[in-house]
Amino acid sequence: MTDENKKHGPDEAVESTIAADTFAPEEADAPAEPDPVDMLRAENADLRDKYLRLAAEMDNLRRRTERDVKDAKSYSVAGFARDMLAVSDNLRRALDAIPAEAQAAGDPGLKALAEGVEMTERSMLAALERHGVRKLEPVGEKFDPNFHQAMFEVPNPEVASNTVVQVVQAGYVIGERVLRPAMVGVSKGGPKQPAGEANAAQA
């Protein structure tokens, strides 16, 4: 058998098998190509998540803007209204300063002046009410520190404790906000308010 025949014999088959086994692991270790469908699904999920987040942010912004616009419409006159309340207080003081004897005397000039001041006060309060400013009428109500400011206590055993019995200065609200708390006198020494009524007043 010649050398040439040896080359084409069983040894050559063994060498081919060894060579194939040597290169096989390298082909297995090669990174697999990512599936384009999986890539598109992942990208789609990411974009959907971003879209949902953006939509939620825009919805929150829209609601916040609507609330701010509503508050601006409702409370934009708060500063002006507070200043006008001082004018209204002065008109009321002017009326209260007129002696009862002078009113009873029936002086036409004084009577006309008093009526004019009273009409001006009523007109101003009506204008404020059209813009959402409402006067508090707390007499007989349970004292509420959110709307009332206690100035003194009035001993009265016949009235439930912590009941507003006198108003020193009228209070006003604009919308749901306190524009000026009512300065009041509260009862002291009377029976305690039942728990059910107290809870109802706080609600």
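Here, the structure is the one placed above.
Computed from a predicted structure; not experimentally measured.

## Focus: the sheet that holds strand β5 (residues 177-180)
- Pairing within the open sheet is antiparallel, and its 3 strands lie in the order β1-β4-β5. Of all the strands in the sheet, just β1 (133-135) and β5 have a single pairing partner and so form its edges. Neighbour-to-neighbour, the strand axes of the sheet open up by a mean angle of 35°, direction not taken into account.
- Strand direction decides the pairing type here: strand β4 (residues 172-174) and β5, joined by 3 bridges, are antiparallel. If you follow Val-173 over to β5, its bridge partner there is Val-178.

## Some thoughts on the pattern of salt bridges
- If you walk through the whole model with that rule in mind, you get 11 salt bridges.
- Taking the shortest distance from any N to any O, the salt bridge between Arg-63 and Asp-59 comes out at 2.4 Å. Of this pair, Arg-63 and Asp-59 both sit in helix α3 (residues 36-75), 4 residues apart, which is roughly one turn of the helix.
- Owing to a relative accessible area of 44%, Arg-63 belongs among the partly exposed residues under this scheme.
- The class for Asp-59 is partly exposed, based on a relative accessible area of 26%.
- The network of salt bridges with shared partners includes Asp-59, Arg-62, Arg-63 and Glu-66.

What counts, and where the lines are drawn
Residues numbered from 1 in each chain as written. Predicted model: local features only at pLDDT ≥ 70, side-chain atom pairs only at ≥ 80, totals over all residues. Heavy atoms only, no water. Pairing = 2+ DSSP bridges. Helix = DSSP H or I, 4+ residues; strand = E, 2+ residues; numbered from the N terminus. Axes fitted to C-alpha atoms, helices over the stretch in contact; angles between N-to-C directions. Salt bridge = Lys/Arg side-chain N within 4 Å of Asp/Glu carboxyl O. Buried < 20%, exposed > 50% of the residue type's maximum accessible area, 1.4 Å probe, protein only.

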